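What follows is each chain in one-letter form.
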Amino acid sequence: MPESSSAEAVVREFWHLMGTNDFHSVKAVLAPELVVEWPQSGERMRGPENFARMNAEYPTAGRWRFSINHLIASGEEVVTQVSLTDGAQSAEPVSFFTVRAGKVVRLVEYWPDPFAPAENRRHLVER
């Protein structure tokens, strides 16, 4: 991506490259100083190589598919909510990207687990 690319375009390219399942190709939009944080597990990854390897080595039942459901961009900050699945497992992470000079420098992701609806609000909600 050219350095003048908008943060939104960089993040859209990030998800496009993730969808190829060639996770090393994603390094094209990641800055050398990339930091990825997963607050729920307290993990931090540094650098594009560790990010690519983590995704390539993750146990999978098939090819990963990614769909952007929501994307909000402002300046160098982009937030996405994505649906992903390998056919057996699914998730809907919320990802906060910081993009500088056409590369992702920081990514903070939240991986919520689905949960059953509470009975005490059954009369107020739709299923």
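Residues numbered from 1 in each chain as written. Predicted model: local features only at pLDDT ≥ 70, side-chain atom pairs only at ≥ 80, totals over all residues. Heavy atoms only, no water.

K.L.:
Before we move on, can you summarise the side chain of S83 with the specific residues and values?
P.N.:
One can find S83 in strand β4 (residues 77-85). For S83, a relative accessible area of 19% puts it in the buried group. Of note is the side chain of S83, whose polar atom sits 2.9 Å from the side chain of E92. If sequence neighbours within four positions are ignored, S83 has contacts with R65, F66, S67, N69, A91 and E92. (Helix = DSSP H or I, 4+ residues; strand = E, 2+ residues; numbered from the N terminus. Buried < 20%, exposed > 50% of the residue type's maximum accessible area, 1.4 Å probe, protein only. Polar contact = N/O pair within 3.5 Å; in protein donor to acceptor, adjacent residues only side chain to side chain. Contact = heavy atoms within 4.5 Å.)

K.L.:
Tell me about the pattern of salt bridges, and name the residues and values.
P.N.:
In the structure shown here, the tally under the stated rule is seven salt bridges. The salt bridge involving R100 is made with E76; its shortest N-O contact spans 3.4 Å. Of the two residues, R100 sits in strand β6 (residues 94-100) while E76 sits in the loop between β3 (65-74) and β4, which places them 24 residues apart along the sequence. Each member of the salt-bridge network shares a partner with another, and the members are E37, R44 and R106. (Salt bridge = Lys/Arg side-chain N within 4 Å of Asp/Glu carboxyl O.)

K.L.:
Before we move on, can you summarise the nonpolar core with the specific residues and values?
P.N.:
In summary, soluble globular proteins display a tendency toward joint burial of nonpolar side chains. Counting 26 residues, the largest nonpolar core has F14 and F51 as the members making the most contacts within it. Of all the secondary-structure elements, those providing two or more residues to this core are α1 (7-19), β1 (30-38), β3, β4, β6 and β7 (103-110). For this core, the element with the most residues is α1, which contributes seven residues. What F51 contacts, discounting residues up to four positions off in sequence, is F14, M18, V26, L30, L34, V36, M45 and L107. (Core = buried A, V, L, I, M, F, W, Y, C linked by side-chain atoms within 4.5 Å.)

K.L.:
Help me get a handle on the packing of aromatic side chains, residues and values and all.
P.N.:
Applying the stated criterion to the full structure yields eight aromatic pairs. Ring geometry for F14 and W15: centres 4.9 Å apart, planes at 85 degrees, overall edge-to-face. Side by side, F14 and W15 carry an identical accessibility label, which is buried. Centre to centre, the rings of W15 and F66 are 5.6 Å apart; their planes meet at 40 degrees, and the pair counts as tilted. Of this pair, W15 sits in helix α1 while F66 sits in strand β3, placing them 51 residues apart in sequence. Each member of the pair W15 and F66 is classed as buried. Following the ring pairs from residue to residue traces out a cluster consisting of F14, W15, F51, F66 and F97. (Phe/Tyr/Trp six-rings, centres within 6.5 Å; stacked < 30°, edge-to-face > 60°.)

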